[in-house]
Each structure stands twice: as structure tokens, then as C-alpha cells.
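Listed here are the chains, written in short residue letters.
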Amino acid sequence: AAAAKAPVKKNPKVANVSVQLEMKALWDEFNQLGTEMIVTKAGRRMFPTFQVKIFGMDPMADYMLLMDFVPVDDKRYRQLPSPLGRYAFHSSSWLVAGKADPATPGRVHYHPDSPAKGAQWMKQIVSFDKLKLTNNLLDDNGHIILNSMHRYQPRFHVVYVDPRKDSEKYAEENFKTFVFEETRFTAVTAYQNHRITQLKIASNPFAKGFRDCDPEDWPRNHRPGALPLMSAFARSRNPVSSPAHQNGTEKDAAESRREYEREAAGGTPLHAEAAHQQLMSRVLSP
């Protein structure tokens, strides 16, 4: 048998980088219930938002931050109908429905502030609130494309922008990947677990209008599945241009509220290591 490939020695610019997941307690709470994230044709924001605090960067070096999403397994899932009705879902009611659908186009979301100095990244919490999830295979907005009723693991990558002319030769040395298992989720077009719906309403600052009545009393078009996730924009591996920034906070708040009023739109997994190396070599290529 061939000897195992020796691990790549990382560039000191990334070797000492460490990352702390923000809102970990909330992610843990969702994870215990079985986190679900809405995907729509137009794209839907994630909630909880993926946020991290970064340590150990070279303050004067340039870094790019990016995320991708990989399948947790090669299965497609379905909900076991409950005799008590749709909203009496139990987390144990997920059943394997068969082999995964064909893999969706692999895309990467670059943090819009990339590249930036290590000092800038480390001085505050980094929020990936400009990212949307879609189930539209023909999406041309750069959103992350996922299959509904499949499970995914978000991955966070720190890439050192190497100024050397032959930087491609060092691509494998210049990045570091972080995976937080508590952030994995099932992509859905409508929430299946009413406890997930309730927790999202209770913890999402844009869900204030939904807290004054029982979920069973909501109008049909405001029931679970019509709720948004937080904030967003994404780019593909061939990055598309970002629309010009508008009044950030006010625009995001207004968009999030509008999303609450819209009804949710009704493979084999990538080989992790190969896809990962291909991703990074593309990131660092001229």
C-alpha cells in the first residue's frame, strides 16, 4: 500500500491562526434540535449568522476569508409524517430517502472585505452576513447552491495572500481550514421541525413581529417556511461583482423584514480533499 501523504507544513502566516465561533451557545442549541436552513430560488440568508473572532494573524499581512459548504454524507432525507400534524414534528422523524442527488455546483463565498490586513480582521468580530443559500441550479447571482433535504457542513478558510510571483507553488501552505461541527444543518424549502421555527423566532432580531402570537395562529402565508434567515450575498469560484453597497444597516434590516413576508419557494458528495485543494489553488491563482 502506498504510504500516507505527509501533511503539508503550513506557512507561519497561517499556522498560528486560531478562530473562535461566535454565538456558540445558540449554535449548540440549534444543533441539538437538528438545525435547518431555508433555501429558496431567490436565495435566503442564514440564521444563525456565521460569525467568528480571529487570533494569531500577522497584523501587516494580507488575508482573504472565505466559506464553502460540503455534504455531510451521500444521503437524501425526508420527513416522516406525524399523526399529530405537520407542526408536531420530532427530530427523530428524519428518514434516509435514498442516495444524494447529483452534487450542486461547488461555490465559494468570499467575505466582501477580502483581502484585508490581519490587523483589520482581528480587531472585530467577522460576520458572514452577506451570504445566501439557494436551490436554483441556474443561479447567476453567486449564491451558494445546495440541494434541499440534504445535510451540509460549512467550512471557514483563512488564506494568506502570498506576494511572491510564484505563489501558486505554495498554495497548499498558505491556507488554513476551520470546521465547527455544531454549524452543520439540513437544507429545506420549509421548516420541518416546529421547535427550530420557534427558536429562530425567539433569537432572530428581525422576527419581532412573530413573537406576539402562537405559531398555530399565524396567517397561512406567515407560517413556518415563510421565515427568512439573516443576511447575505455570495460569490462563486469565478467571483461575480458585488452590487454597490447601499445604506448597509438600514438596507439589510428592510430586506430582512421583507423576507419575513415572503413565502419560501416551494450526487455524490465531492471528494473533500480533492475539492479542497482545487478550491484553494483557484483562490490563489492570478
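In the block above lies the structure referred to throughout.
Source: prediction; values computed, not measured. (Residues numbered from 1 in each chain as written. Predicted model: local features only at pLDDT ≥ 70, side-chain atom pairs only at ≥ 80, totals over all residues. Heavy atoms only, no water.)

1. Here we look at the overall build of the protein chain
Regarding its fold elements, the protein chain presents six helices and 15 strands. By residue count, 49% of the 286 residues in the protein chain fall in the buried class. If you sum the accessible surface of the protein chain, you get close to 14200 Å²; carbon and sulfur atoms cover 52% of it. (Helix = DSSP H or I, 4+ residues; strand = E, 2+ residues; numbered from the N terminus. Buried < 20%, exposed > 50% of the residue type's maximum accessible area, 1.4 Å probe, protein only. Areas by Shrake-Rupley, 256 points an atom, 1.4 Å probe, with all protein chains shown as cover.)

2. Remarks on the environment of Pro 154
Structurally, Pro 154 can be placed in strand β13 (residues 151–160). For the pair Pro 154 and Phe 69, spaced 85 residues apart in the sequence, the C-alpha separation amounts to 4.4 Å.

3. Observations regarding the sheet that holds strand β11 (residues 132–134)
An order of β3-β11-β12 is seen for the three strands of this open sheet, with the pairing classed as mixed. Both outer strands of the open sheet, β3 (44–45) and β12 (144–145), are each paired with one neighbouring strand and no more. Two elements, β11 and β12, share two bridges in a ladder whose sense is parallel. Directly across from Leu 133, in β12, lies its bridge partner Ile 144. (Pairing = 2+ DSSP bridges.)

4. With respect to the side chain of Asn 11
Examined against the element boundaries, Asn 11 turns out to sit in the segment before α1 (12–15). Overall, the relative accessible area of 11% leaves Asn 11 in the buried class. For Asn 11, the contacting residues outside a window of four places in its chain are Tyr 160, Arg 164, Glu 173 and Asn 174. (Contact = heavy atoms within 4.5 Å.)

5. Some remarks on the nonpolar core
In terms of nonpolar packing, the biggest core is built from 33 residues, with Ile 54, Leu 133 and Phe 156 touching the most fellow members. Looking at this core, the elements with two or more residues in it are β1 (18–21), β4 (51–55), β5 (62–71), β13 and β15 (185–188). With residues up to four places along the chain from it excluded, the contact list for Ile 54 reads Val 17, Ser 18, Val 19, Leu 65, Trp 121, Met 122, Val 126 and Phe 156. Listed in part, the eleven residues of the second largest apolar core include Leu 26, Phe 47, Met 149 and Val 188. (Core = buried A, V, L, I, M, F, W, Y, C linked by side-chain atoms within 4.5 Å.)

6. Remarks on the packing of helix α2 (residues 24–33) against helix α4 (residues 194–203)
Two elements in contact, α2 and α4, have axes whose closest approach is 10 Å; the angle formed by their N-to-C orientations is 165 degrees. Judged on the interaxial angle alone, α4 and α2 are roughly antiparallel. Here the hand of the crossing between α2 and α4 comes out left-handed. Contacts between α2 and α4 pair Leu 26, Glu 29, Phe 30 and Leu 33 from the former with Arg 195, Ile 196, Leu 199, Lys 200 and Ser 203 from the latter. When the residues that make up the contact of α2 with α4 are grouped by side-chain class, the tally is five nonpolar, one polar and three charged. (Axes fitted to C-alpha atoms, helices over the stretch in contact; angles between N-to-C directions. Parallel < 35°, antiparallel > 145°, perpendicular 65-115°, else oblique. Left-handed = near helix turned anticlockwise from the far one by under 90°. Nonpolar A, V, L, I, M, F, W, Y, C, P; charged D, E, K, R; others polar.)

7. Focus on the pairing of β13
Within β13, nine of the ten residues are buried, which leaves it mostly tucked inside the rest of the structure. Two strands pair when backbone bridges link them, and β5 and β13 are joined in this way by nine bridges, in the antiparallel orientation. The residue bridging Pro 71 from the neighbouring strand is Tyr 152, located in β13. As paired elements, β13 and β15 share two bridges and run antiparallel to each other. Looking at β15, one finds that Arg 151 is bridged to Thr 186. The pairing of β13 with strand β14 (residues 175–178) spans four bridges and is classified as antiparallel. Residue Val 158 lies in a different strand from β14, and its bridge partner there is Lys 176.

8. Examining α4
Buried residues of α4: Ile 196, Thr 197, Leu 199, Lys 200 and Ile 201, and no others. At its buried positions, α4 is contacted by α2 and β2 (36–38).

9. A word on the sheet that holds β4
Read across the open sheet, the three strands follow the order β1-β4-β10; overall the sheet is antiparallel. Only two strands of the sheet have a single neighbouring strand rather than two, namely β1 and β10 (126–127). Pairing analysis gives four bridges linking β1 to β4, with the strands arranged antiparallel. Across the sheet, residue Ser 18 finds its bridge partner in β4, namely Phe 55.

10. Quick word on the environment of Phe 185
Topologically, Phe 185 is positioned in strand β15. Considering only alpha carbons, one finds Phe 185 and Tyr 152, 33 residues apart in sequence, at a separation of 5.6 Å. Beyond its immediate stretch of four places on either side in the chain, Phe 185 contacts Thr 35, Met 37, Met 46, Phe 69, Leu 133, Leu 146, His 150, Arg 151, Tyr 152 and Pro 154.

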